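# Report on the structure
Next come the chains, spelled out residue by residue.
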Amino acid sequence: MTDLLYDDAEEALRASVRALLTAHAPLDRTLARADGDEPYDKGLWTRLAGRLGAAGLAVPEEHGGAGAGFREVAVVLEELGRAVAPVPYLGSAAVATRALLRCDDTALLGQLAAGQRAAALAVPVAAGPDAPPPAVVVADGPVLSGTVTGVADALPVEVLLVPADDGLYAVGADDPGVRMTPVVSLDGTRPLADIVLTRAPGRRIATGEAATRAVTDALVAGAALLASEQVGVAQWCLDTTVEYVRLRHQFGRPVGSFQAVKHRLADTWVEISEARAVARHAADRLATDHPETALAASLAQAHCAAVAVRAAETCVQLHGGVGFTWEHPAHLYLKRAKSGAVAFGTADRHRGVLARLAGLPGPPPGP
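Since we're looking at a predicted model, the values are computed, not measured.

In this section: the packing of helix α4 (residues 70–82) against helix α7 (residues 208–247). Interaxial distance between α4 and α7 falls to 7 Å at its minimum, and their mutual angle equals 35°. For the pair α4 and α7, the sense of crossing is right-handed. Contact with α4, carried on its side by Phe70, Val73, Ala74, Leu77, Glu78, Gly81 and Arg82, involves Leu225, Ser228, Glu229, Val231, Gly232, Val233 and Trp236 of α7 and no other residues of that element. The class makeup of the residues in the contact of α4 with α7 is eight nonpolar, three polar and three charged.

Structure follows, in structure tokens:
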């Protein structure tokens, strides 16, 4: 078993990302952006991906990346979850990068690693790694036509990785044959889009089994690394709530001194500690290409998604009246947690995957 504790380099990376987010992604700005016409923060993405080099952490040095790994990507995602940062890091630096690594597309990998371009895998946000969605895009030579609905992290990117009936294609997001329509979604910091391709030119980067493996592995990576973001969401909710109940007084004493409040926060702390271990395990298995990576990813989503939701609900409820207001950021975390609970497959779906991978009997048939 690899040591799942954070090493010095990972802690230094965390400090750098947190400092960047504190300076350039304060929650009041994120609140305002979520209600505006430009939910994604392009300036923050430029600083994170280009200047800090976080987009290339999982890309080998020979392809222009940092040559680190997905453990480091997971650390960045923890901090992005803690700040509910509106950047396409999960979709580009994790999911799309994993697909390109499987395709050995070195040119596009280098551009993503340098922060020059961002990419998104054009599949519905709820697509799970156990059964990738059937291709709904048809290739006619080098041009593609079809519709993909509910794609996350697609609106701000320059490249779409599109699974088609005869392979995986790279398509320019600003091509005249590509139309992306924003979808009203629960999480304003990670909006969805419907993508319509009308004879859009594409470059085929994988065919046959290689294309299927690239898409499946990308979805596994998404499920595994989303867990780290969920841990970051849950940790902010706990930290903020603990601070609030220490300062807020009712009946002449701090709210946090009441036994029911203390017990609920203690339970949340235990759940987050467990979730962090599960998420670190998934990130480590992904980083080492372990044979149990798919199992670890499903375990992470089966466990961490619910932990993030419960922590966010606790945050809203223990903040009392202010926690239910639009001006307080608690609702951003609850929405991110709830939307994350369906991304890359629901917890129930991943429990079914776990049963199959572990050789356990499935649920009994219904009446």
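Let us now look at the nonpolar core. One finds Leu48, Tyr89, Leu161, Leu168 and Leu225 to be the most contacted residues of the largest nonpolar core, which totals 118 residues. Per element, the largest residue contribution to this core is 19 residues, and it comes from α7. When sequence neighbours within four positions are dropped, the list of residues in contact with Leu225 reads Phe70, Val73, Ala74, Leu77, Leu90, Ala94, Ala283 and Leu286.

Our next topic: the packing of α4 against helix α5 (residues 89–103). One way to put it is that α4 packs onto α5 with a least axis distance of 10 Å and a crossing angle of 160°. In this view, α4 runs roughly antiparallel relative to α5, as classed from their interaxial angle. Crossing of α4 over α5 shows left-handed handedness. Taken together, the residues of α5 that come into contact with α4 (itself represented by Phe70, Val73, Val76, Leu77 and Leu80) are Tyr89, Leu90, Ala93, Ala94, Arg98 and Leu101. Residues that form the contact of α4 with α5 fall into these classes: ten nonpolar, no polar and one charged.

A separate point is the side chain of His328. Mapped onto the elements, His328 comes out in the loop between α9 (293–318) and α10 (330–340). Within polar-contact distance, the side chain of His328 engages the backbone nitrogen of Ala330 at 3.1 Å. If sequence neighbours within four positions are ignored, His328 has contacts with Leu31, His319 and Val322.

A separate point is the pattern of salt bridges. Following the criterion strictly, the structure yields 24 salt bridges and no others. Where Arg190 meets Asp153, a salt bridge forms, and the shortest distance between an N and an O atom there is 3.9 Å. Of this pair, Arg190 sits in the loop between β6 (178–183) and β7 (192–206) while Asp153 sits in the loop between β3 (143–152) and β4 (159–164); the two residues are 37 residues apart in sequence, bridging distant segments of the chain. One exposure class covers both Arg190 and Asp153, and it is buried. Between Glu243 and Arg246 there is a salt bridge, and its shortest N-O distance comes to 3.0 Å. Here Glu243 pairs with Arg246, and both are found in helix α7, just three residues apart, close to one helical turn. Residue Glu243 is classed as partly exposed on the basis of its relative accessible area of 39%. Members of the salt-bridge network, linked through shared partners, are Glu11, Arg14, Arg18, Glu78, Glu79 and Arg276.

Basis of the calculations
- Residues numbered from 1 in each chain as written.
- Predicted model: local features only at pLDDT ≥ 70, side-chain atom pairs only at ≥ 80, totals over all residues.
- Heavy atoms only, no water.
- Axes fitted to C-alpha atoms, helices over the stretch in contact; angles between N-to-C directions.
- Helix = DSSP H or I, 4+ residues; strand = E, 2+ residues; numbered from the N terminus.
- Left-handed = near helix turned anticlockwise from the far one by under 90°.
- Contact = heavy atoms within 4.5 Å.
- Nonpolar A, V, L, I, M, F, W, Y, C, P; charged D, E, K, R; others polar.
- Core = buried A, V, L, I, M, F, W, Y, C linked by side-chain atoms within 4.5 Å.
- Buried < 20%, exposed > 50% of the residue type's maximum accessible area, 1.4 Å probe, protein only.
- Parallel < 35°, antiparallel > 145°, perpendicular 65-115°, else oblique.
- Polar contact = N/O pair within 3.5 Å; in protein donor to acceptor, adjacent residues only side chain to side chain.
- Salt bridge = Lys/Arg side-chain N within 4 Å of Asp/Glu carboxyl O.

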